Amino acid sequence: MKNHDNQRIEELEERVQKLEKRIDELTAQPSTALKPQIDKKPEVVSRPSETPEHKQPVQPSEPKEPVDWERLIGQVWLPRIFIFVLLLGVIWGFKAASDYGVLNPSVKTVIGYLAGFGLIALGEWQIRKKRVALGQVLLGGSVTVLVIATFAAHVMYGFIGPTFAFTLNLIWVAAGIYFAIRHKSEVLGVLGTVGGFLIPFLLDSDSGNTLFFVSYETVFSIIMLLFALKKNYWKLHIVAMALLPVVLLLYSLFTGLEKFPADLNSLAVLTYGMVVQHLVLLGMYVTRPVYEKVQQSILFISFLAVIFFTYQGFEDNAIAWTLLSAAIVYLVLNVYFHFEKTLEKKIILFPIAWLALMFYFIEVFGDRELGLIFLIQGTVGIYLGLQSKLKVQVWSGAFVYLIGVMRTAGLQIEVFNSVPMWSWVLLIATLWFLTYQGKRLPEAIPTEVRKVLFGATALAILVYISQLSYVFTKEQSINTQHVAMTLSWIVYAIGGITYGVLKDRQALRLIGIGLIFLSLGKLIFIDVPNVSIVVRAVLFMIVGATGIVISRFFYTKDKQKLKE
């Protein structure tokens, strides 16, 4: 027994020695021994939803710095505004000097160029002195002064020809863009862009060359768009896009271009320029969305400009093909990005595709068929939007659908099996389909919209059966027409209430009751003054009996509830 105890004591001493050795190792190398345990610790921490006590405290947002209005107005806007005041004063001073014979044309031209180069030197000097805003304004003003001096030398005094004047203006605009790059100034880029668009208007030429004008303006616009995209200048991007349709419209007004004949000096050339710019904008948006929201807006505005110039410059057949081509391009892009799972691209691509398709249908179909076509297009658009859960698609389809509803509502059914009749049938069918979609997807369609759809469906059915009643009895007497329409309303009311009771749909029952009262109102205010006393008596008996019989439905319904 004693030997056994001694053996256990020796084993315990050996284990204690091993533990002490292990402790010494751990204390000697804490970074290597403890780091794995420290690194693994976050992996076993419970989620915040399971253990609220482990939530990280919310860091308070830093207070927003107040706007320094003195600096904003004094350093930024003051020089920008008053540089134009200074330029206006210089122009009037030149005019006064010319009127009093103080300066001759040559001297004024030289002074203009010297002033432009002087502003460049002064602007660079101000920037070196850390007065950046003032220096940038002076550089922008220098470009304006040089362009004005060149305009005076060319148009007013005839010292230089149009080719040389055009070259000089290109140099001044290029200098403005160089200043924008050098000093990283979007404002200088915008000023240079505006000057570049105005260059052709500053030339004096006996015969306008439309092809040269459109080519220059389109290429210049594309160059500035690429420059803006590279430098992330979204304001310059807007200016470079928006000024092209403006200058093209001004050119068409000044020159009085005609749509026919379709040659290189017609309005069609202007349309080609807009189409080219739009395709470039589309390529930029698809391949390089730098400032996506701005690019989306610009792309949509550009497409509206394309539609405007298309209607101005193309013949009817060319208009239809242009719109169809645009619709196909945008629909293909929609399908591509749908399968690529980049649904954010469809935010603008789908509305443009649907708009192009709508205008194409306007060109192809007649006025009577457009309501039917728009109902189909609108319903498809809404359905696609609900499936992809993109509100912009739903709204695009709803826009077209509402146009279809308004066009269909204005159609009177005169003949059975006609376009108006089938338009009304389609209106009822699509309203029912959208009501069903609202019931199936309550989270996508608000309750108020579902109620409007349900009520619109009931109203559309009432109008439809009323028009059919007129179609079938329009050759009959006035008594027959009134009796037929009133009876059709009553049958509709009974059908609605019966279906509402069977399916336990309170809304249908209420609509049926409303139709009964509507039939009574029609009987009193419309039928009584226009039908014979015999017909009047028959109608009152029918309507009265119907109201009494229908009330029995609700007694039966209450008894069933009591039994349950």
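Structure: above.
Residues numbered from 1 in each chain as written. Predicted model: local features only at pLDDT ≥ 70, side-chain atom pairs only at ≥ 80, totals over all residues. Heavy atoms only, no water.

Undergrad: Just give me the short version of the nonpolar core, but keep the residues and values in it.
TA: Leu-248, Leu-270, Leu-299 and Leu-349 are the most contacted members of the largest nonpolar core, which totals 67 residues. Mapped by element, the contributors of at least two residues to this core are α6 (162-183), α8 (210-231), α9 (234-255), α10 (267-287), α11 (292-313), α12 (316-339), α13 (346-364) and α14 (367-388). With 12 residues, α13 is the largest single contributor of residues to this core. For Leu-299, the contacting residues outside a window of four places in its chain are His-278, Leu-281, Leu-282, Tyr-285, Tyr-330, Ile-348, Leu-349 and Ile-352. Leu-411, Tyr-464, Ala-493 and Ile-516 belong to the second-largest nonpolar core, a separate cluster that totals 31 residues. (Core = buried A, V, L, I, M, F, W, Y, C linked by side-chain atoms within 4.5 Å. Buried < 20%, exposed > 50% of the residue type's maximum accessible area, 1.4 Å probe, protein only. Helix = DSSP H or I, 4+ residues; strand = E, 2+ residues; numbered from the N terminus. Contact = heavy atoms within 4.5 Å.)

Undergrad: So what's going on with the environment of Phe-179? Residues and values would help.
TA: Mapped onto the elements, Phe-179 comes out in helix α6. Sequence separation between Phe-179 and Gly-140 is 39 residues; the distance between their C-alpha atoms is 8.5 Å. Once residues within four sequence positions are removed from consideration, Phe-179 is found in contact with Ile-120, Glu-124, Leu-139, Ser-142, Lys-184 and Leu-188.

Undergrad: Would you mind going over a positive patch on the surface in detail, with residue names and values included?
TA: On the surface, a cluster of positive charge is made up of Lys-184, Lys-230, Lys-231 and Arg-288. Inspection of the secondary structure assignment puts Arg-288 in the loop between α10 and α11. A relative accessible area of 41% places Arg-288 in the partly exposed class. (Patch = residues over 30% accessible without salt bridge, like charges linked within 9 Å, V, L, I, M, F, W, Y side chains within 5 Å. Areas by Shrake-Rupley, 256 points an atom, 1.4 Å probe, with all protein chains shown as cover. Salt bridge = Lys/Arg side-chain N within 4 Å of Asp/Glu carboxyl O. Lys, Arg positive; Asp, Glu negative; His and termini not counted. Charge placed at Lys NZ, Arg CZ, Asp CG, Glu CD.)

Undergrad: Break down the side chain of Thr-546 for me, with residues and values.
TA: Relative to the elements of secondary structure, Thr-546 occurs in helix α20 (residues 533-563). By relative accessible area, Thr-546 is classed as buried at 9%. In contact with Thr-546, other than residues within four places in its own chain, are Ile-490, Ile-494 and Ile-516.

Undergrad: Could you give an account of unusual backbone geometry, with specific residues and numbers?
TA: Both trends apply: most residues other than glycine have a negative phi, and most peptide bonds are in trans. If you check the backbone angles, Asn-232 has positive phi at about 60° while not being a glycine. Among the structural elements, Asn-232 can be located in the loop between α8 and α9. In this structure, Lys-389 takes a positive phi of about 60° despite not being glycine. Considering the arrangement of structural elements, one finds Lys-389 in the loop between α14 and α15 (391-409). On the basis of relative accessible area, Lys-389 is assigned to the exposed category, the value being 74%.

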